[in-house]
There are 2 protein chains.
Amino acid sequence: MLTDLTRCSIHTMTMRPWSLAQTISGLQRVGVPGITVWRQHLQPYGAEVAGRMLRASGLRVTALCRGGFFPAKDKPAREAALVDNRRAIDEAVTIGAPMVVLVCGAVPGMPLSEARQQIHDGIAALEPYAKANRVKLAIEPLHPLYAADRSAVNTMAQARAICEAVRSPWVGIAADVYHIWWDPDAEVELARAGAAGWLCGFHVCDWRVETRDLLNDRGLMGEGCIDIPHLRNAAERAGFTGFNEVEIFSTTRWAGDQDAWLDAIVDAYRRYT
Amino acid sequence: MLTDLTRCSIHTMTMRPWSLAQTISGLQRVGVPGITVWRQHLQPYGAEVAGRMLRASGLRVTALCRGGFFPAKDKPAREAALVDNRRAIDEAVTIGAPMVVLVCGAVPGMPLSEARQQIHDGIAALEPYAKANRVKLAIEPLHPLYAADRSAVNTMAQARAICEAVRSPWVGIAADVYHIWWDPDAEVELARAGAAGWLCGFHVCDWRVETRDLLNDRGLMGEGCIDIPHLRNAAERAGFTGFNEVEIFSTTRWAGDQDAWLDAIVDAYRRYT
């Protein structure tokens, strides 16, 4: 159990109905020091203005979400994805985010082996730009539930294999308990990623036993069946000292009062993370 | 692509609204030679009567679904699960099913490592009874989507590890494309299971890209993103010569005319399996 909020960060997507300005003041009100910014919450301001707001807020920007979506049926579309990823890196620099989280992508109908190759190639092609800009690329393995259209990288082991192939201090892994909790190799892979210096992000939420929606029914910590402290401790034993980022997509929660939702998050963070 | 139905079997659950008698005559009408019987479709008749109906039908009973659900919070509940699994084996004998498919179970809140140990212990405890009755126990790894409450065995590799530990010709693996398609190790694990003589079941359906329900929104072959012939060929290269069992849970399909649904299955089986 965590006794304080010093390593707590919240994704703007967790407070989806709020603007970036509203989320910033919300986090200031409850004393959460970190914020991970999603690009759709940047967009209304532009990265320059958003960067000024974030610097003025005193909040620590933990990451920019999200880049990735590398695989595509033709070369121009893959090139366009790289262009967009470079733009994400630019935005990360502008708002002071140390990393861009990568949801690697998948194309329905494309063999997963091909998508996985294209993901490797995309990350390798992007790495020099990340390095030049001193922004990390954080590969987030997604639950196999999302293999059809969101990510063909579905385990920590696959993310590690990409890190091993690309071998750059600018390519690492963001581990999300929602995506990895079921994996019998989760702990050993957290240890490996940590030992190699690749573990750069850690996301928390919970898996609701009766999940009602495949995308937007994540649970608040404590509401589901994930042993979050167990995985967090495994990450910390592996040397992880970064923020625990609260990333919860929930249609139900987004429909309610967001201040009350934020209070519930902070309470659950202290009790169940 | 399969040119004939000689290795086609259909689960009674695929035709859920139908009674066993209705499914038997449906399969006879369309010339599908195999049937896998779910216990809830046996129950209204009892295994004796159902066995007589099945023998008279000339259909080949490919499996009984399902046993398993080994983990439980206390010993009496685990013992009760074993009693029920022995009853499933008895029913399999009575209806002439060569195997009982195991959905291994999981208990929300119980660490997966513990559930996995209890599954191993349950299968090991059940094996002598399976052997004595000459009924195979087919471990079906379930998609990680179901790790919370249905099965803590979520990959072919985990099922293989249990087979390796128990080492019995009466314990094998039922591979379902729905559960394994995302797995980067699916092919190599099919090869390993086949080479060891453990691959005893093969289930087909499809993964709908826009899955609307976690349990009952499986797709008909061709409706989703699984490369079924690819996996079927991998199983056959590994020596699998058994039936391709069509197992589709679909609230939408169950709500429609079941004769039309059965015709659609047969058509899709020929085109996309």
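What counts and how
Residues numbered from 1 in each chain as written. Chains lettered and ligands numbered in written order. Predicted model: local features only at pLDDT ≥ 70, side-chain atom pairs only at ≥ 80, totals over all residues. Heavy atoms only, no water. Pairing = 2+ DSSP bridges. Helix = DSSP H or I, 4+ residues; strand = E, 2+ residues; numbered from the N terminus. Axes fitted to C-alpha atoms, helices over the stretch in contact; angles between N-to-C directions. Least-squares fit on C-alpha atoms with pLDDT ≥ 70 in both. Salt bridge = Lys/Arg side-chain N within 4 Å of Asp/Glu carboxyl O. Buried < 20%, exposed > 50% of the residue type's maximum accessible area, 1.4 Å probe, protein only. Core = buried A, V, L, I, M, F, W, Y, C linked by side-chain atoms within 4.5 Å. Contact = heavy atoms within 4.5 Å. Arc of directions from axis to C-beta. Parallel < 35°, antiparallel > 145°, perpendicular 65-115°, else oblique. Left-handed = near helix turned anticlockwise from the far one by under 90°. Nonpolar A, V, L, I, M, F, W, Y, C, P; charged D, E, K, R; others polar.

Draft legend 1. How the structure looks around the sheet that holds strand 4 (residues 99-103) of chain A. All names here are of chain A. Spatial ordering of the closed barrel is given by 1-2-3-4-5-6-7-8, a layout of eight strands whose pairing is parallel. Pairs of neighbouring strands in the sheet enclose a mean axial angle of 30°, with direction left out of account. One ladder, built from four bridges, connects strand 6 (residues 171-176) with strand 7 (residues 199-204); its direction is parallel. Paired with D176 across the two strands is H203, which belongs to strand 7.

Draft legend 2. Representation of the relation of the copies chain A and chain B. Once chain A is rotated about the relating axis by 180° and shifted along it by 0.0 Å, it coincides with chain B to within an RMSD of 0.0 Å. Interpreted geometrically, this transformation is the action of a two-fold axis.

Draft legend 3. Quick look at the pattern of salt bridges. According to the stated counting rule, one finds 38 salt bridges over all chains in the structure shown. The residue E236 of chain A makes a salt bridge to R232 of chain A at a minimum N-O spacing of 2.9 Å. One end of the pair, E236 of chain A, and the other, R232 of chain A, are both in helix 9 (residues 228-237), four residues apart, so they sit about a helical turn from each other. Of the residues examined, R232 of chain A reaches a relative accessible area of 5% and is grouped as buried. Here D263 of chain B ties to R29 of chain B by a salt bridge, and the two come within 3.2 Å at their closest N and O atoms. Here D263 of chain B, found in helix 11 (residues 258-272), pairs with R29 of chain B, found in helix 1 (residues 20-30); they are 234 residues apart in sequence, far enough to count as distant. Overall, the relative accessible area of 38% leaves D263 of chain B in the partly exposed class. Given the relative accessible area of 46%, R29 of chain B is considered partly exposed. Where salt bridges share partners, they join R39, D84, R87 and E91 of chain A into one cluster.

Draft legend 4. A look at the nonpolar core. I123 of chain A together with I123 of chain B are the most contacted members of the largest nonpolar core, which totals 180 residues. For I123 of chain B, the contacting residues outside a window of four places in its chain are F70, L102, C104, L137, I139, I162, V166 and V171 of chain B.

Draft legend 5. Here's a closer look at the sheet that holds strand 5 (residues 136-139) of chain B. Read around the barrel, eight strands follow the order 1-2-3-4-5-6-7-8 (chain B) and close on themselves; strand pairing throughout is parallel. Across the sheet, the mean angle from the axis of one strand to that of its neighbour is 30°, orientation sign disregarded.

Draft legend 6. Molecular detail of helix 1 of chain B. All names here are of chain B. Those residues of helix 1 that fall on the buried side of the exposure criterion are L20, T23, I24, G26, L27 and V30. Angularly, the buried residues of helix 1 cover 165° about the axis, an arc narrow enough to put them on a single face. Contact partners of the buried residues in helix 1: strand 1 (8-11), strand 2 (34-38), helix 2 (39-42), helix 3 (47-57) and helix 11. Of the residues trailing helix 1, G31 is marked for its positive phi of about 80°.

Draft legend 7. Focus on the packing of helix 4 (residues 75-95) of chain A against helix 5 (residues 112-132) of chain A. Residues and elements named next belong to chain A. In contact at an axis separation of 10 Å, helix 4 and helix 5 are set at 40° when each is read in the N-to-C sense. If you check the angle between helix 4 and helix 5, you find them oblique. Note on packing geometry: the crossing formed by helix 4 with helix 5 is right-handed. Contacts from R78, L82, N85, R86, I89 and D90 of helix 4 reach helix 5 at Q118, G122, A125, L126, Y129 and A130. Classifying every residue of the contact of helix 4 with helix 5 gives six nonpolar, three polar and three charged.

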